[in-house]
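For reference, the chains in residue letters:
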Amino acid sequence: MSNVSQAASRDITDPLLELTDVKTHFRTARGLVRAVDGVTFNLDRGKALGIVGESGSGKTILSRSIMGLLPPKGAVRSGSIKFEGREIGNLGRKQMRHIWGKEMAMIFQDPMTSLNPLMKIGQQIAEPLKIHLGMDKTSAMATAEKLLQDVRIPEAHRRLAQYPHELSGGMRQRVMIAIALACGPTALFADEPTTALDVTVQAQILDLLNEQRKDRNMSLILVTHDLGVVAGHTDDIAVMYGGQLVEMAPTRVLFANMKMPYTEALMQSIPKIEDPSHTRLTAIGGRPPDLVHPPKGCRFAPRCPYVREKCENEMPQLQQSDLPGHFFRCWYPVGSPEYFESKERNAAKAMASAAPTEVPVSIGEAR
Amino acid sequence: MAGTGTAHLRSASDALLRVENLVVEFPVGRTGLKVNAVSGISLDVLRGETLGLVGESGCGKSTTGRAIMQLPRPTSGSVMFEGKELTSMGGDTMREARTRMQMIFQDPISSLNPRRKVRDIVMEPLTIWGRGSKSQRNDQVDRVLDEVGIDPQRAAESQPHQFSGGQCQRISIARSLVLDPSMIICDEPVSALDVSVQAQVLNLLEDLKQRYGLTLVFIAHDLAVVKNISDRVAVMYLGKICEVAGSDELYRAPAHHYTNVLLSSIPVPDPSVAVKRHPIEGEPPSPVFPPSGCRFNTRCPAAQERCSAEEPLLREIGDGHFVACHYPVHGGDAPVTVRSSSN
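Keep in mind that this is a model prediction, so the values were computed, not measured. Within each chain, residue numbers correspond to sequence positions counted from 1 in written order. Going through the entries in the order they are written, you letter the chains from A and number the ligands from 1. Only residues with pLDDT of 70 or above have their local features reported here, since the model is predicted, and side-chain atom pairs are shown and tallied only from 80 upward, although totals for entire chains, interfaces and linings are computed over all residues.

Enquirer: So what exactly am I meant to see when it comes to the overall build of chain B here?
Expert: On a plain count of helices and strands, chain B comes out with eleven helices and twelve strands. The size measure is the radius of gyration over C-alpha atoms, and the globule rule it meets is 2.2 Å times the number of residues to the 0.38 power. Over its C-alpha atoms chain B spans a radius of gyration of 21 Å, differing by no more than 12% from the 20 Å that the globule rule assigns to 343 residues. With the C-alpha coordinates aligned to their principal axes, the bounding extent of chain B is approximately 65 × 55 × 45 Å. Here chain B holds 343 residues, and the buried ones make up 49% of them. Note on contacts: each residue gets a C-beta atom placed from the backbone, and two residues are in contact if those atoms are within 7 Å. Long-range pairs, those at least 24 residues apart, make up 66% of the contacts in chain B with a sequence separation of at least 6. Put simply, DSSP H or I for four residues or longer makes a helix, DSSP E for two residues or longer makes a strand, and each gets a number counted from the N terminus. Counting other C-beta atoms within 10 Å of each residue's C-beta, where C-beta atoms are placed from the backbone, gives the exposure class: buried for 20 or more, exposed for 12 or fewer, partly exposed between.

Enquirer: Where do I start with the overall build of chain A in this structure?
Expert: A count of helices and strands for chain A gives 14 helices and twelve strands. Relative to its length of 367 residues, chain A is compact, with a C-alpha radius of gyration of 22 Å against a globular reference of 21 Å. C-alpha atoms of chain A, sized along the principal axes, occupy 75 × 45 × 45 Å. Taking all 367 residues of chain A together, 46% fall into the buried category. In chain A, the proportion of contacts linking residues at least 24 apart, taken out of those at least 6 apart, comes to 65%.

Enquirer: How should the sheet that holds strand β6 (residues 101–104) of chain B be read in this particular structure?
Expert: Where strands meet in a sheet, backbone hydrogen bonds hold them as pairs that are either parallel or antiparallel. Residues and elements named next belong to chain B. Two strands make a pair as long as DSSP finds a minimum of two bridges between them. If you trace the eight strands from one edge of the open sheet to the other, you get β6-β7-β8-β3-β9-β10-β12-β11, paired in mixed fashion. Two strands bound the open sheet, and with one partner strand each, they are β6 and β11 (315–318). On average, adjacent strands in this sheet sit at an angle of 20 degrees to one another, irrespective of strand direction. Bridging between strand β7 (residues 183–187) and strand β8 (residues 215–220) involves five bridges; their strand directions are parallel. Bridging across to β8, I184 finds its partner in L216. Every angle, taken between N-to-C directions, lies between 0 and 180 degrees, and every axis is a line fitted to C-alpha atoms, over only the stretch in contact when it is a helix.

Enquirer: Got a minute to help me understand helix α2 (residues 59–67) of chain A in this structure?
Expert: Residues separated by three or four positions in an α-helix point in the same direction, a consequence of the helix having 3.6 residues per turn. Residues and elements named next belong to chain A. Where burial is concerned, most of α2 is hidden: eight out of the nine residues are buried. Taken together, the buried positions of α2 are K59, T60, I61, L62, R64, S65, I66 and M67. Once α2 ends, the next one or two residues include G68, with phi positive near 70 degrees.

Enquirer: It is not clear to me how the nonpolar core should be interpreted in this structure. Could you clarify?
Expert: The tendency in soluble globular proteins is for nonpolar side chains to be buried as a group. Grouped together as the largest cluster of nonpolar side chains are 193 residues, with contacts concentrated most on A:A178, B:V122, B:A174 and B:V217. Once residues lying within four places of it in the same chain are set aside, the contact partners of B:V217 are B:V45, B:L51, B:L53, B:G65, B:M183, B:I185 and B:C186. One nonpolar core equals one set of buried Ala, Val, Leu, Ile, Met, Phe, Trp, Tyr and Cys residues connected by C-beta atoms within 7 Å.

Enquirer: Which parts of the structure should I look at to understand helix α10 (residues 257–265) of chain B?
Expert: With seven of nine residues buried, α10(B) is to be regarded as a mostly interior element. Listed in full, the buried residues belonging to α10(B) are B:H257, B:Y258, B:T259, B:N260, B:V261, B:L262 and B:S265. Of the surrounding secondary structure, the elements contacted by the buried residues of α10(B) are α9 (199–216) of chain A together with α8 (223–229), β9 (232–237), β10 (240–246) and α9 (247–252) of chain B.

Enquirer: For this particular structure, what's the right way to read the interface of chain B and chain A?
Expert: Reports often express the size of an interface as the amount of accessible area lost when the parts come together. Across the boundary between the two partners, chain B contributes 44 residues, which contact 43 residues of chain A. For the side of chain B that touches chain A, the secondary structure elements donating two or more residues are α6 (165–177), α7 (195–212), α8, α9 and α10 of chain B. At nine residues, the largest contribution of residues to the side of chain B that touches chain A is made by α7(B). Following the grouping adopted for this structure description, the nonpolar residues are Ala, Val, Leu, Ile, Met, Phe, Trp, Tyr, Cys and Pro, the charged ones are Asp, Glu, Lys and Arg, and the polar ones are all others, Gly among them. For the side of chain B that touches chain A, the residue count by class is 19 nonpolar, 14 polar and eleven charged.

Enquirer: What is the right way to read the packing of helix α12 (residues 261–269) of chain A against α7(B) from this model?
Expert: Direction vectors running N to C along α12(A) and α7(B) enclose 45 degrees, while the axes themselves pass 8 Å from each other. By the criterion of interaxial angle, the relationship of α12(A) to α7(B) is oblique. In the packing of α12(A) onto α7(B), the handedness of the crossing is left-handed. Here α12(A) contributes A:A265, A:L266 and A:S269 to the contact with α7(B), which in turn contributes B:V195, B:S196 and B:A199. In terms of residue class, the contact of α12(A) with α7(B) is built from four nonpolar, two polar and no charged. If an angle is under 35 degrees, it is roughly parallel; if it is over 145, roughly antiparallel; if it lies from 65 to 115, roughly perpendicular; otherwise it is oblique. The sense of a crossing depends on the near helix, which, turned anticlockwise from the far helix by less than a right angle, makes the crossing left-handed and, turned clockwise, makes it right-handed.

Enquirer: Would you mind going over the environment of A:S139 with me for this structure?
Expert: Residue and element names in this part refer to chain A. Along the chain, the position of S139 falls in helix α6 (residues 137–150). Judged by the 14 C-beta atoms lying within 10 Å of it, S139 falls in the partly exposed class. Placed 210 residues apart in sequence, S139 and K349 show a C-alpha to C-alpha distance of 70 Å.

Enquirer: Is there a simple way to explain the environment of B:V141 in this structure?
Expert: Within the element layout of this structure, B:V141 appears in helix α4 (residues 134–147). Setting aside residues no more than four positions away along its own chain, B:V141 makes contact with B:R119, B:V122, B:M123 and B:V178.

Enquirer: Whenever I open this one, the packing of α9(A) against α10(B) confuses me. Can you help?
Expert: Relative orientation and spacing of two packed helices are given, respectively, by the angle between their axes and the distance between those axes. Two elements in contact, α9(A) and α10(B), have axes separated by 8 Å at closest approach and are oriented at 50 degrees. Judged on the interaxial angle alone, α10(B) and α9(A) are oblique. Every pair of crossing elements has a handedness; the one defined by α9(A) and α10(B) is left-handed. Residue-level contacts link A:V199, A:T200, A:Q202 and A:A203 of α9(A) to B:V261, B:L262 and B:S265 of α10(B). By residue class, the composition of the contact of α9(A) with α10(B) is four nonpolar, three polar and no charged.

Enquirer: What is the right way to look at the sheet that holds strand β10 (residues 244–250) of chain A in this model?
Expert: Residues and elements named next belong to chain A. Taken in spatial order, the eight strands make up an open sheet running β6-β7-β8-β3-β9-β10-β12-β11, and their pairing is mixed. Two strands bound the open sheet, and with one partner strand each, they are β6 (104–107) and β11 (319–320). Contacting β6 and β7 (187–191), helix α8 (residues 169–181) crosses the sheet at an angle of about 170 degrees to β6.

Enquirer: Help me understand the confidence of the model for chain B, please; the structure alone is not making it clear to me.
Expert: Should the pLDDT be low somewhere, the predicted coordinates at that spot are not to be read in detail. Residue and element names in this part refer to chain B. The pLDDT value tells you how sure the predictor is about a given residue, anywhere from 0 up to 100. Summing up the model confidence of chain B, the mean pLDDT is 89 and the portion of residues at 70 or higher is 94%. A low-confidence stretch, residues 338–343 (pLDDT under 50), is modelled with nine contacts involving residues beyond four sequence positions or located in other chains. Across the assembled chains, the prediction reports ipTM 0.81 with pTM 0.85.

Enquirer: Looking at this model, I keep getting lost on the pairing of β6(A). Mind explaining?
Expert: Across a regular strand the side chains alternate sides, sitting on one face of the sheet and then on the other. Residues and elements named next belong to chain A. What you see with β6 is no split at all: M104 and M106 on one side and A105 and I107 on the other are buried throughout. Here β6 runs beside β7; their pairing, made up of four bridges, is parallel. The partner of M106 across the bridge, within β7, is F189.

Structure, rendered in structure tokens:
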């Protein structure tokens, strides 16, 4: 257990996870896909981080890069990933096996296909306990039952002998969480853990994850496309777009004070339950960038309502706002004089173009 | 919930679609058991109106949409569309009736034939029905593609996989519009799309509805999406309707405990909003063995003895606001009125 002693020599306030310029590219027939393109951040022990983005933003590949769960062929990785002070970015699957389960665990979107359909629930939870913690069969089963109770599965003892198909989707996701928690990981990755679930069950699962995080002083990385899911359940949020981090801040700061036009546009495009029905939604025109040939400047520039010449030619770097822990990647952030100027200019343009015949909403999507 | 009853139906002459006591059951293998997917629901949709159907998976909302299309035919009940009874129609007349009511589905990519050119996919309904001359058909297809924001030139050269998910949904919408239907049933049309694209498609549906005078039945599990697009919303649970009301009214003052639970389970994209939870335990029971009385009584925070014994009927508790509950959140003293369903 070399990493335990290593961890002991580190300060408890040191970050659990340190990412520096992490890149994950894929070689494909079309060229190099820059799925994750230079991500840097730290994650503290016991905190919940939300990684938010649309499909293709690189959020899933980022979490898989940290977990070392990339396909063996075609992936090109660079940058540094430190977990409890130890470099893990270059480890192979064999070495990662000692970290999976015990130190980092992951739950996936689809609880229907993540469990082995031919194995009883009890065996599936006991397996990591036997392999990683060396438990015997009896104590592994006893621990499995305790875990099922922790994730609030009623009649835990009876469930041990059931197969996945006998359980509902919500119950299966609870079993997945029990398996992930089995060996007491210090970091839990949850990739769209509630997307396949109904809204009432989603609320139960998110509460459960947070409760377990607090009880176990575990870090939680919640990867999702839903800003609503992360708002109430995370300490910090990282917004990804086109393989890059475009804004990162403590959750409250981000929602109250977003600087990146993409974050703003994402928020505005969500239908809000407080708005009266038939409220016109502010859609983001166009579609996410092609990561084989990403735009030269800001990756959001082709869709940004406040775009200027500089945005198209020079890539902005992540810079800090005047609030602690708040970073964004934009030349003319929300609230800057240029932002207001562009906003007025756009409004005038919209007025002028609305006069003749109405044009269908799609701006740029049909190329 | 779960109530039966027709008190919420409006005058039959105004309704484009009127469904009464719709029942859909599926056999469970050869066990003699059956899945009670839809258990006696009634709905009506006025011309130009958008009706939202919400509920969790397994509540029967998609089955209802399909039963309206007679795909498959319902076990019992009546479906009146444009003044004609669909359930007793023969195959050929039914096919013709389906040109007036179209459906779009959740997964836009798998609902388009991957081997055909997009323009041909949109053209096909016109060819099958032999509408107009060849040049008229071409014009119609170009117009509709333009309308949904797809370049007709590109559509002529490309197959579905060359378009994004949002574009494929636009193509599905174009195909459903090409025969000039009066009603479109949308079954979770935006749930597979990213939020930014979802907003584009929702705005497009609103625009088309205005332009073509369309009537929509919008089936979805996302309550915020349903509120945005609907004029009237029906909440379903385990094959029954719990509550029907105008969209704004339903969200302002939910009267059914299930609606309340649903609304408070929605994650709010604002961390400063204190979460007011109406916690609910467990998951919906099996539709093979639905609970007696009100179907929600096993999970309802306000359930009493009467709820498991007696099924509540839909009754009016406010202007156009109907609830099927013995002890609703508000309006509990309103009398149960059974309005004659014959007119």
